[in-house]
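# A closer look at the structure
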Amino acid sequence: MGAYLTRRVLLMVLTLFGMSVLIFVMLRLVPGNIADILVDSAGIADPKEKAKIAAELGLDRPIFDQYLQWIGGLVRGDLGFAYVSERPALEEIAPRIPISAKLAGLALFFSVILGVPLGVISAVRQNSAIDYLLRIVSLSGLSLPSFWLGLLILMASVQWFGMIPIYTNEPRGFIDEVLLLSIPAAAVGFRSSALIMRLTRSSMLEVLRQDYIRTARSKGASQTTVNYVHALRNALLPVVTIIGIEAAFLVGGLIVTETVFNIPGVARFLVEAILWRDYPIVQNLVMLIAFCVVVVNFLVDMAYMALDPRIKYAD
Amino acid sequence: MRNRLAIIAGGLAAAVVISAPAFAQKQGGTLRVSHRDNPPSASIHEEATISVNMPFMSVFNNLVFFDPKEKINSPDKIVPELAESWSWNDNKTKLTFKLRNGVKWHDGKPFSSKDVKCTWDALRGGDDKQEMIRKNPRKVWYKNLKEVTTNGDNEVTFTLEREQPSFLSMLAAGYAPVYPCHVDSRVMRSKPIGTGPFKVAEFKRNEGIKLVRNPDYWKKGRPYLDAIEFKIVPNRSTRVLGFVAGEYDLTFDSDITFPLLKDVKDQKKDAICEARPTNVHTNLLVNRDAPPFDNPKLREALVYSLDRAPFSDILTQGNDLRGATMLPPPAGVWGMTQDELQKLPGFGPDIEKNREIARGLMKELGYGPDKPLKIKVSTRNIAIYRDPAVILIDQLKQIYIEAELEPIDTTIWYNKVQQKNYQVGMNLTGAGLDDPDGVFYENFYSTSDRNYTGYKNPEIDKMIDEQSAMTDVNKRKAMVTKIEQALLKDAARPPITHGVANTCWAPAVKNLVLQHNSIYNGWRLEDVWLDK
Amino acid sequence: MAVIDHDAALAKAGANVTGFWSQAGFLARRYPLGAVGAILVLLFVLTAVFANVIAPHDPLSTNSRASLATPGGTYWLGADFMGRDMFSRIVYGARISLAVAVGATLLGGILGVVIGLMSGFIGGWLDLATQRLMDIMQSLPLLVMALVMAASLGPSLENTIIAIAIPLVPSVARVVRSSTLSLREQPFVEAARAIGMGEIRIAVRHVLPNTLAPLIVLGTAQLGSAILTEASLSFLGLGIPEPYPSWGRMLSESAAEYVRTAPWLVIFPGVAISLTVFGTNLLGDALRDILDPRQRT
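Residues numbered from 1 in each chain as written. Chains lettered and ligands numbered in written order. Predicted model: local features only at pLDDT ≥ 70, side-chain atom pairs only at ≥ 80, totals over all residues. Heavy atoms only, no water.

### Re the interface of chain A and chain C
As a measure of interface size, the accessible area lost when the parts come together is often cited. To keep things clear, this is the line we draw: The contact criterion used throughout is that any non-hydrogen atoms of two residues lie within 4.5 Å. The term buried area denotes the loss of accessible surface (1.4 Å probe radius) that occurs when two parts are joined, taken as the sum for both partners. By definition here, a salt bridge exists when the distance from a side-chain nitrogen of Lys or Arg to a carboxyl oxygen of Asp or Glu is within 4 Å. Definition of a polar contact: a pair of N or O atoms within 3.5 Å, with one able to donate and the other able to accept a hydrogen when the atoms are protein atoms, and with sequence-neighbouring residues admitted only if both atoms are side-chain atoms. Helix numbers and strand numbers start at the N terminus; a helix is a DSSP run of H or I with at least 4 residues, a strand a run of E with at least 2. All amino acids are sorted into three groups, where Ala, Val, Leu, Ile, Met, Phe, Trp, Tyr, Cys and Pro are nonpolar, Asp, Glu, Lys and Arg are charged, and the leftover types, Gly among them, are polar.
Contacts between the two partners involve 48 residues from chain A, matched on the other side by 43 residues from chain C. Between chain A and chain C, the buried area comes to about 3,900 Å², and carbon and sulfur atoms account for 79% of it. By the criterion of area lost to chain C, the three top residues of chain A are A:Phe147, A:Trp148 and A:Met155, representing 15% of everything that side buries. Where chain A packs against chain C, one counts one salt bridge. Of the charged contacts, one joins C:Asp285 and A:Arg198 as a salt bridge, the two residues approaching to 2.9 Å between their closest N and O atoms. If you look at where chain A meets chain C, you find four residue pairs in polar contact (both at pLDDT 80 or more). Among the elements of the structure, helix 1 (2–29), helix 7 (129–143), helix 8 (146–161), helix 9 (173–208), helix 11 (223–260), helix 12 (266–275) and helix 13 (279–307) of chain A are those that each provide at least two residues to the side of chain A that touches chain C. Tallied by class, residues from the side of chain A that touches chain C come to 37 nonpolar, seven polar and four charged.

Now the structure itself:
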């Protein structure tokens, strides 16, 4: 067990290290660097000024040195300076995390309270009309681009309510914030709710076919008890894992949704930093996302091990 | 009961109207403005976009300023700002300013002649004095500036190489604020210090810019507003919705295109919208140093191929202005009249005839309907560049040119142009100042940094210098027209149309005067007040 | 895992039929949603292939008089700001989407198969190294990975396909690797080895065909996600550039400018994306039920 944990942690560190090399190299393959962009924004192309800026930012140094400086700083908790704002990258990134985290949390909340019950209903009523309907709805959830869904919501609310549910001012108070974030969260959450629903359904179906459910039934437990107590409890395990993984993968949905709803979160910031070649921001954000994914995967495995006695990890 | 209320209300209204003149301008309030994107930085001297000028001009002062009450910037409408007065020496090569006393920077340090010297030494591109700015897009404006000298704290003299009547105009433009000597350039880019009516309270990427009233402003009783908030909203639809819903009092400059104008007017009946030329014009970049457009005949064919009406019809529902490089009258001070314009190659009203000329040239070069010339039209990958490029490609079919659009990542656009790695480019050129010195030196003079096509023509250089020294306005205007003709003949950035767009505000916003020959000037906002 | 025998599977399911059409008919009755999906996908493919026949206008040609024309009349689905026919653009957009979906899925699939086969069959340090590489690639969400790739490659059709294909590789490689591992010890592989067949030949002739079923299921799912990823990338300005009529790019332009003045510009491209992805998802579900009974939903 201890050895397994050590191995897992080492693998995580290895993965993150690999990611750091990968992202660092990939960013430097991008045509045009920040010096080009800064000079370009002024509508000029003076090679002397460009070289000066590049030197100022340390871009003229060997790529290996640049990498060492970044990774060395990262280990010490120093994320370097954002190129565009010229402020510490940490100060630029940190304030944007809570809002994205809230949005993701809310989206996840929606997707669970929608996905799990509907998945159960769908499984229990397998091949009924409602099952078909729910399956179509869930598939459509996987098919609609979340940014388009967001746009439709925007258009509808303007058309029918004469209001725009976008983020223009900092919300006043908790209720205000929840209301403001609910709509984009629903747009993001719809997709994950579809995933969760499908998974709940299939894992429910699997469990319902198992022997012990038949036993419970033959012992005279009522249909409802069987469905909701015995089966659901066992079916939820894989669902919990997908919820965990979705939490990290919501970032993808957040990127476009934050753009549509004008939310100053960390996901949209990533896109802008990429467009501006603001390496310190992009690198650190990518590492943050990778870190979340890796840790969540780890936690999910741990949860699995704790919850499912059948799984044992060889030392 | 209702009647009585109505009477009371009427009485109140009457009282307000009667007392209005006495309290015409109200103090206080926050002006809320929508902003289209993240300004690249807050340093006006280092940038060349309205995204910087509109929010940050009110942080600074110039020595002199185009009278903000006038709609047209012109050399005879310049008022003092940090300078109390100015005078020329006899041969018009020394310009001396007497500076205002007791002016303070936002950090409390006193303003003096040293700051003026510092700023223009940096802009002039003095070898060692560049710490104040790291990019200098308008260096060529000060090509003729020999030195800046101080005489005590309150007097500064600009010495010119030769006579240059437009020099004062350049100092009066929005692009000529005075910077503090003692502040690091990094600070100037993120939270700049000025002497202006508003101080920067906050500049947050993706969110907004907040300016607050400078209580120690040297102009007594100004500004009226307590604060100005710019909210960054990259999506135009969203910005317009926000304005219609009353979230903003003022739209971003020129943000309301003509297709949108009707919608705004329908949804917000009391909105005040003003259409005005942006002094930004679309033009073609032609790579004359590489095949196939190293052939002057082919360049000429290109000049004759353009039908400007569809550009104008699609881009601004026919509201764009026809002009050459200089903004045409009435808003433009130096541009050609429509009559003069019609005589330029490719500007004549008979498009078919023009295109016949173009096709003739193409046939001479061996092209034809069965043997079209295949080229790429490169442009910046953003809508305002791409849209006209798509229209151009459609038109080039008429003269046996099959063109393909090559959208260039906006970040490497100038780079690519500068390396001459293109054939034809669609370009936008904005004039920070409606003045031939500003426009010609910046875009066509062989040594300019913003002449990124690398256009080098000694004759044009000579003519530009010549007009620059002319004091007789009419003679100078004639020279300007001559330059325009020569440029067009040489297909140096053939102009297509001059943009016109709307800026809208709520009726509560008072005293806002938009300037009609440059969007980059006139955003001091010290006289604006809110009637709320 | 056994070799799939479709006829046997059909017979077991109670289909007493032979011939393509009757088999298809049977499947359609048994999997009605899958049939709907197949029809949608077929429509999509036909539209893409015959775009030049179907589209009434040139999707690129501008017309100042038709700027923002409302749907109906000459322009069934209206026209965009530059007076280009929306219907024709959407029809041609199917080509882009198909090219990206098939291109990215195939490229990702082939790379994944090669990596998975090598890693599973050769094993050792190679397996270890590729597994770690796959770990690294999977530590970023698909869109984030594609975003970084697209930015570093620059906007073009080919680059977009690559940017979407690479993030798809790990899941394919994993599936192939695990099948390979279990197949490696199977008697028929041992037998092939015994008669002196080369390793590569064994891999290609005996192992690969047996991983086909899960691959087809995975591939169908990836078609939809490739289309969605392309739409998102183009929406963010990093995918297919103008003047190509990519559905995502069409949405991004109109979303920024015409949500209010020309809502049809926002609605129709979105409908096109959604219907296509919906079709591939329906088909994918049915294929999974047919080909891979263990993962039945």
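### Re the confidence of the model for chain A
For the record, the criterion: The score called pLDDT rates the predictor's confidence residue by residue, from a low of 0 to a high of 100.
For chain A, mean pLDDT is 84; residues scoring 70 or higher make up 93% of the total. Mean pLDDT across the elements of chain A bottoms out in helix 10 (residues 211–218) of chain A (71) and peaks in helix 5 (residues 89–93) of chain A (92).

### What to know about the sheet that holds strand 11 (residues 272–286) of chain B
Residues and elements named next belong to chain B. The following threshold applies: Strands were regarded as paired on the criterion that DSSP finds at least two bridges between them. With axes taken as lines fitted to C-alpha atoms, and helix axes fitted only over the stretch in contact, angles between N-to-C directions fall between 0 and 180 degrees.
Reading across from one edge, 13-12-14-11-15 is the order of the five strands in this open sheet, with mixed pairing throughout. With one partner strand each, in any of the chains shown, strand 13 (401–408) and strand 15 (495–505) form the two edges of the open sheet. With strand direction ignored, the average angle separating the axes of adjacent strands in the sheet is 30°. Contacts between helix 7 (residues 258–267) and the sheet are confined to strand 11 and strand 15, with strand 15 contributing the most and set at about 15° to the helix.

### Observations concerning the environment of A:Arg209
By the secondary structure assignment, A:Arg209 is in the loop between helix 9 and helix 10. In sequence terms A:Arg209 and A:Ala231 are 22 residues apart; their C-alpha atoms lie 9.5 Å from each other.

### Structural notes on the interface of chain A and chain B
At the junction of the two partners, chain A supplies 39 residues and chain B supplies 40 residues. Together, the buried faces of chain A and chain B total about 3,500 Å²; carbon and sulfur atoms form 47% of this surface. Taken as a group, A:Asp40, A:Glu86 and A:Ile164 account for 16% of the area that chain A buries against chain B, more than any other trio of residues on that side. Linking chain A with chain B are four salt bridges, by the criterion used here. Note that A:Glu86 and B:Arg186 form a salt bridge whose closest N and O atoms lie 3.5 Å from each other. Applying the counting criterion to the chain A and chain B interface returns six residue pairs in polar contact (both at pLDDT 80 or more). A per-class count over the side of chain A that touches chain B returns 18 nonpolar, seven polar and 14 charged.

### Observations concerning unusual backbone geometry
Geometrically, the link from B:Pro291 to B:Pro292 is a cis peptide bond, its omega value of 0° lying close to zero. Mapped onto the fold, B:Pro292 is located in the loop between strand 11 and helix 8 (296–305). Of note, the amide linkage connecting B:Pro329 to B:Pro330 takes the cis form, showing an omega dihedral of 10°. Tracing the backbone shows B:Pro330 in the loop between helix 9 (308–316) and helix 10 (338–342). The residue A:Arg277 is not glycine, and still its phi comes out positive at about 55°. Of note, B:Lys92 is a non-glycine position whose phi angle comes to about 60°, a positive value.

### Here's the deal with the packing of helix 1 of chain A against helix 4 (residues 63–76) of chain A
All names here are of chain A. Counted only if it meets this: Working definition: roughly parallel below 35 degrees, roughly antiparallel above 145 degrees, roughly perpendicular at 65 to 115 degrees, and oblique for all remaining angles. Crossings are classed by handedness, with left-handed meaning an anticlockwise turn of the near helix from the far one by less than a right angle and right-handed meaning a clockwise turn.
Axis separation between helix 1 and helix 4 bottoms out at 11 Å; the angle between their running directions is 135°. The orientation of helix 1 with respect to helix 4, classified from their angle, is oblique. The hand of the helix 1/helix 4 crossing is right-handed. For the pair helix 1 and helix 4, contact is made by Phe17, Ser20, Val21, Ile23, Phe24 and Arg28 and by Ile63, Gln66, Tyr67, Trp70 and Ile71, respectively. A per-class count over the contact of helix 1 with helix 4 returns eight nonpolar, two polar and one charged.

### Some details on the confidence of the model for chain C
All names here are of chain C. Looking at chain C, pLDDT values average 85 and 92% of them are 70 or higher. The least confident element of chain C is helix 1 (residues 6–12), whose mean pLDDT is 57; the most confident is helix 4 (residues 51–54), at 94. Note on the complex model: pTM 0.86, ipTM 0.87.

### Some thoughts on the state of the cysteines
Residues and elements named next belong to chain B. Put simply, the test is: Disulfides are defined as pairs of cysteine sulfur atoms found within 2.5 Å of each other. For every residue, the accessible area (1.4 Å probe, protein chains only) is compared with the maximum for its type, and the residue is labelled buried under 20%, exposed over 50%, or partly exposed between those bounds.
As enumerated under the stated definition, the model contains two disulfides over all chains in all. With its sulfur 1.8 Å from that of its partner, cysteine 118 forms a disulfide with cysteine 181. As the torsion about the S-S bond is roughly 80°, the cysteine 118-cysteine 181 disulfide counts as right-handed. Here cysteine 118 is found in helix 3 (residues 113–124), whereas its partner cysteine 181 is found in the loop between helix 4 (167–171) and helix 5 (185–190), with 63 residues between them in sequence. Judged by relative accessible area, cysteine 118 falls into the partly exposed class, the value being 24%. Residue cysteine 181 is classed as partly exposed on the basis of its relative accessible area, which comes to 34%. Disulfide pairing is shown between cysteine 273 and cysteine 504; the S-S distance is 2.0 Å. With the S-S bond torsion at 110°, the cross-link from cysteine 273 to cysteine 504 turns out right-handed. Within this pair, whereas cysteine 273 is found in strand 11, its partner cysteine 504 is found in strand 15, the two being separated by 231 residues in sequence.

### Let's talk about the pairing of strand 12 (residues 373–380) of chain B
All names here are of chain B. Let me state the cut-off plainly: Crossover handedness is defined here as right-handed if the route from the first strand over the helix to the second strand goes clockwise, with the strands pointing away from the viewer.
Of all eight residues making up strand 12, six are buried, and the element is well covered by its neighbours. In this sheet, strand 13 lies alongside strand 12 in parallel orientation, the contact comprising eight bridges. Along strand 13, the bridge assignment pairs serine 378 with glutamate 406. In this fold, the crossover linking strand 12 to strand 13 by way of helix 12 (residues 383–396) has right-handed handedness. As defined by bridge partners, strand 12 adjoins strand 14 (residues 424–430) across three bridges and the pair is classed as parallel. Bridging across to strand 14, serine 378 finds its partner in glycine 425.

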